[in-house]
Amino acid sequence: TTFDVSVRAVSLGQDAGVLVVFQDVTQLEQAGQMRRDFVANVSHELRTPLTALMGFIETLKGPARDDAAARDRFLTIMETEAGRMNRLVRDLLSLSRVEADERMRPTMQVDLGGLIRSTATGMEPLAQDSGVVLNLDLPDAFVMRGDADQLRQVLTNLMENAIKYSGAGATVTVRLSAPDYLAPLRGNGVVLEVQDTGPGMEPRHIPRLTERFYRVDSHRSREKGGTGLGLAIVKHIVNRHRGRLRIESAPGQGSTFKVILPVE
Ligand code: ADP
């Protein structure tokens, strides 16, 4: 706990005294620290590809100037690094937008079943390239109040993770159901589930997955083009929909990401 302490001399009529004020600033202090950590992380994440880009530009201007093979190789690496910066900036913008929206309840009606089907169709090429089988288990249509673009983003982030971390031979199942156990909740609820047969993870990672830039395996995340922000974005969108995110995973057992959404 952190206190701000201030001491003031006071006089009350004849009496004079000292007033000592203790103010608990723990939360302010923590928020400030989180902001500083975030800025440091963003700077680091941007600087890494930028340093690589600057290095290759120097080499292309100098030693590799007349070496066509080296030039092609370097340009390919530069494209990858520029793509990394591009994705990072895109995710930072998404994050700040969903954070700003978080207090506003969505007002539009969305057909969640249709939205899942069309997102999955768009994801099919990535799944095929990765050797992953996509399975859908959905009702024909399911209409609820929500933000269609944001729910699509939730689904895209969860499916992309499931595909890229599971790899060849795995199955990714997307399920939408309204299980009985949600019925006693205020109104009703629906569960959107993305399940994979990938490597899973140690339970100790689960509570931290939605932290910005938290990665179970940094090397693997970077190699797969991850920014470390995908699940932080998911968490904010789920909060805005007054929903909950539940993650179940164990090494060798695959992972299941469940988004539980209230339906009025
Ligand atoms: P990233 O851009 O690194 O994928 P995310 O916020 O989307 O960032 O995910 C955070 C981390 O959680 C990932 O780096 C990865 O280690 C882990 N992760 C997410 N989804 C899965 C999954 N389906 N299977 C295994 N690990 C996962």
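This text goes with the structure placed above it.
Okay, so let's go over this structure. (Residues numbered from 1 in each chain as written. Predicted model: local features only at pLDDT ≥ 70, side-chain atom pairs only at ≥ 80, totals over all residues. Heavy atoms only, no water.)

### With respect to helix α1 (residues 26-61)
Part 1: The end-to-end C-alpha distance of α1 is 52 Å, a good match for the 52 Å that 36 residues give at a rise of 1.5 Å each.
Part 2: Of all the bends in α1, the greatest reaches close to 25° and is centred on Arg47; the proline Pro49 follows between one and four positions later.
Part 3: Buried within α1 we find Thr26, Gly32, Val42, Glu45, Pro49, Leu53, Phe56 and Leu60. (Helix = DSSP H or I, 4+ residues; strand = E, 2+ residues; numbered from the N terminus. Expected span 1.5 Å × (residues − 1). Bend = angle between axes of the 7 residues up to and from the residue. Buried < 20%, exposed > 50% of the residue type's maximum accessible area, 1.4 Å probe, protein only.)

### Side note on the site of the ligand
Part 1: For the ligand, the set of nearby residues contains 20 residues, the closest of which are Tyr165, Asp196, Ser221, Thr227 and Gly228.
Part 2: For the ligand, an oxygen atom lies 2.8 Å from a polar atom in the side chain of Asn161.
Part 3: A distance of 2.8 Å is found between an oxygen atom of the ligand and a backbone nitrogen or oxygen belonging to Gly228.
Part 4: In isolation the ligand exposes 540 Å². Once the protein is present, 96% of that is buried.
Part 5: Going through the elements one at a time, α4 (148-166), α6 (230-240) and β9 (255-263) are the ones with two or more residues in the shell around the ligand.
Part 6: Looking at the shell around the ligand element by element, the count peaks at four residues for α4.
Part 7: Residues belonging to the shell around the ligand are distributed by class as follows: nine nonpolar, seven polar and four charged. (Near = heavy atom within 4 Å. Polar contact = N/O pair within 3.5 Å; in protein donor to acceptor, adjacent residues only side chain to side chain. Areas by Shrake-Rupley, 256 points an atom, 1.4 Å probe, with all protein chains shown as cover. Nonpolar A, V, L, I, M, F, W, Y, C, P; charged D, E, K, R; others polar.)

### Topic: the sheet that holds β9
By definition, the strands of a sheet pair up through backbone hydrogen bonds, in either a parallel or an antiparallel sense.
Part 1: The sheet built from five strands is open, its strands ordered β4-β6-β7-β9-β8 with mixed pairing. A single partner strand is all that each edge strand has here, and the edge strands are β4 (133-137) and β8 (244-249). Looking at each pair of strands side by side, their axes are set apart by 15° on average, direction ignored.
Part 2: Looking at chain direction, β8 and β9 are connected through six bridges and run antiparallel. (Pairing = 2+ DSSP bridges. Axes fitted to C-alpha atoms, helices over the stretch in contact; angles between N-to-C directions.)

### Some points on the environment of Ser177
Part 1: Residue placement: Ser177 occurs in strand β6 (residues 171-177).
Part 2: In this structure, the C-alpha to C-alpha distance between Ser177 and Leu138, residues 39 residues apart in sequence, is 7.2 Å.
Part 3: If we skip the residues at most four places from it in the chain, Ser177 touches Val190 and Val191. (Contact = heavy atoms within 4.5 Å.)

### What about the packing of aromatic side chains?
Part 1: This model, assessed by the stated rule, comprises three aromatic pairs.
Part 2: One cation-aromatic arrangement involves Arg212 over Phe38; the distance from NZ or CZ to the ring centre is 4.5 Å. (Phe/Tyr/Trp six-rings, centres within 6.5 Å; stacked < 30°, edge-to-face > 60°. Lys NZ or Arg CZ within 6 Å of the ring centre and 35° of its normal.)

### Concerning the pairing of β8
Part 1: Residues Leu245, Ile247 and Ser249 line the buried face of β8, whereas the alternating positions Arg244, Arg246 and Glu248 sit on a face that is not buried.
Part 2: Joining the antiparallel neighbours β8 and β9 is a turn of five residues, in which Gly252 adopts a positive phi near 80°.

### Quick word on the pattern of salt bridges
Part 1: For the structure shown, the criterion picks out eleven salt bridges.
Part 2: The partner of Asp91 in a salt bridge is Arg90, and the shortest N-O contact between them spans 3.1 Å.
Part 3: With a relative accessible area of 7%, Asp91 lands in the buried category.
Part 4: Residue class for Arg90 comes out partly exposed when judged on its relative accessible area of 47%.
Part 5: Ionic pairing is found between Arg240 and Asp147, a salt bridge with its closest N-O pair at 3.0 Å. Separated by 93 residues along the polypeptide, Arg240 in helix α6 and Asp147 in the loop between β5 (143-145) and α4 bring together distant segments of the chain.
Part 6: Overall, Arg240 belongs to the buried group, its relative accessible area being 6%.
Part 7: Each of Glu45, Arg215 and Arg222 takes part in a single network of salt bridges with overlapping partners. (Salt bridge = Lys/Arg side-chain N within 4 Å of Asp/Glu carboxyl O.)

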